[in-house]
Amino acid sequence: MKTLYSTSATATGGGRDGRSATTDGNLAVSLVVPKELGGAGGDGTNPEQLFAVGYAACFLGALRFAAGKARIAVPADASVTSSVGIGPRDDGTGFSIEVALEVSLPGMERAAAEDLVARAHVVCPYSEATRGNLDVKLTTVV
């Protein structure tokens, strides 16, 4: 791979309960453990929310990239909603995540929209990084 862009971030504190920031200072967040995972909850974010935001944005970009390659018009109001869940693995050795992407392509013909979503899933770097590690549920809404 020829790297075109790279970034880095540092987490401090308790990991899931602390702070994390990019080294360039463009993103800094307070991290809190959700009540559902035994934390106090409250103001702040968590790694699952950050992953969901990143995956949704990346997939929408991949969708537009794939559409451009295929010369397909993407509706201006297209959107991707990413849902990320976390829980213990069935074998008891740690935790795992699950991902569902709902891709909204209003006004597109269903077969064309589903084909475009499948193409985006091939080129999206997040999809590539997770492929073989977890199943990503794709839903296309037209």
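Below: a short report on this structure. Note that residues are indexed from 1 along each chain, following the sequence as it is written. Given that the model is predicted, a residue must reach a pLDDT of at least 70 before its local features are reported, and side-chain atom pairs must reach 80 or more before they are shown or counted; all residues, however, enter totals for whole chains, interfaces and linings. In computing side-chain properties, one takes all heavy atoms of the structure into account and sets aside hydrogens as well as water.

What to know about the environment of Val136
Phase 1: Secondary structure elements are defined from DSSP: runs of H or I of at least 4 residues count as helices, runs of E of at least 2 residues count as strands, and each element is numbered from the N terminus. Note that Val136 resides in strand E6 (residues 136-141).
Phase 2: Note: C-alpha distance between Val136 and Val29 (107 residues apart in sequence) is 26 Å.
Phase 3: Setting aside residues up to four positions removed in sequence, Val136 forms contacts with Tyr55, Val99, Leu101, His121 and Thr130. The contact criterion used is simple: two residues touch if any of their non-hydrogen atoms lie within 4.5 Å.

A word on a nonpolar patch on the surface
Phase 1: Every patch collects residues that have over 30% relative accessible area and no salt bridge, joining them within 9 Å if they carry like charges and within 5 Å if they are nonpolar side chains (Val, Leu, Ile, Met, Phe, Trp, Tyr). All accessible areas in this document rest on Shrake-Rupley with a 1.4 Å probe, and a residue is counted as covered only by the protein chains that are shown. Every case where a carboxyl oxygen of Asp or Glu lies within 4 Å of a side-chain nitrogen of Lys or Arg is listed as a salt bridge. On the surface, a cluster of nonpolar side chains totalling about 260 Å² of accessible area is made up of Leu37, Ile86 and Phe95.
Phase 2: Mapped onto the secondary structure, Leu37 falls in the loop between strand E3 (28-31) and helix H1 (47-70).
Phase 3: Categorising residues by exposure relies on relative accessible area from a 1.4 Å probe, with only protein chains included: less than 20% of the type maximum marks a residue as buried, more than 50% marks it as exposed, and the intermediate range marks it as partly exposed. The exposure class assigned to Leu37 is partly exposed, which follows from its relative accessible area of 37%.

Some thoughts on the sheet that holds strand E4 (residues 79-88)
Phase 1: The rule for pairing is simple: two strands pair if DSSP sees at least two bridges between them. The mixed open sheet is built from three strands, whose spatial order is E4-E5-E6. Sheet topology places E4 and E6 at the edges, where each strand pairs with a single neighbour. Taking the axes of each pair of neighbouring strands and ignoring which way they run, one obtains an average angle of 15° across the sheet.
Phase 2: For E4 and strand E5 (residues 95-104), the ladder comprises 10 bridges, and the chain directions are antiparallel. Counterpart to Val84 in the pairing with E5 is Val99. For helices, the axis comes from a line fit to the C-alpha atoms of the stretch in contact; other axes are also lines fit to C-alpha atoms, and the angle between any two N-to-C directions lies between 0 and 180 degrees.

Regarding the pattern of salt bridges
Phase 1: If you walk through the whole model with that rule in mind, you get four salt bridges.
Phase 2: Here Glu48 and Arg16 are joined by a salt bridge, their closest N and O atoms 2.5 Å apart. One end of the pair, Glu48, is in helix H1; the other, Arg16, is in the loop between strand E1 (9-13) and strand E2 (18-22), with 32 residues separating them in the sequence.
Phase 3: The class for Glu48 is buried, based on a relative accessible area of 10%.
Phase 4: For the salt bridge of Glu128 with Arg131, the shortest nitrogen-to-oxygen distance reads 3.3 Å.
Phase 5: Given a relative accessible area of 49%, Glu128 falls into the partly exposed group.

Focus: the packing of H1 against helix H2 (residues 110-123)
Phase 1: Running from N to C, H1 and H2 cross one another at 115°; their axes reach a closest spacing of 8 Å. Here H1 lies roughly perpendicular to H2, going by the angle between them. Handedness of the H1/H2 crossing: right-handed. Together, Tyr55, Phe59, Ala62, Leu63, Phe65, Ala66, Ala67 and Ala70 of H1 and Leu116, Val117, Arg119, Ala120, His121 and Val123 of H2 make up the contact between the two elements.
Phase 2: Taken together, the residues of the contact of H1 with H2 break down into 12 nonpolar, one polar and one charged. Angles are sorted into four bins: roughly parallel if under 35 degrees, roughly antiparallel if over 145, roughly perpendicular if 65 to 115, and oblique for all others. For any helix crossing, the convention is left-handed if the near helix is rotated counterclockwise from the far helix by under a right angle, and right-handed if that rotation is clockwise. Any residue outside Ala, Val, Leu, Ile, Met, Phe, Trp, Tyr, Cys, Pro, Asp, Glu, Lys and Arg is labelled polar, Gly included; the first ten of those are nonpolar and the last four are charged.

Some details on the sheet that holds E2
Phase 1: Strand order in the open sheet made by the three strands is E1-E2-E3, with antiparallel pairing throughout. Edge strands, defined here as strands with exactly one partner in the open sheet, are E1 and E3. With strand direction ignored, the average angle separating the axes of adjacent strands in the sheet is 15°.

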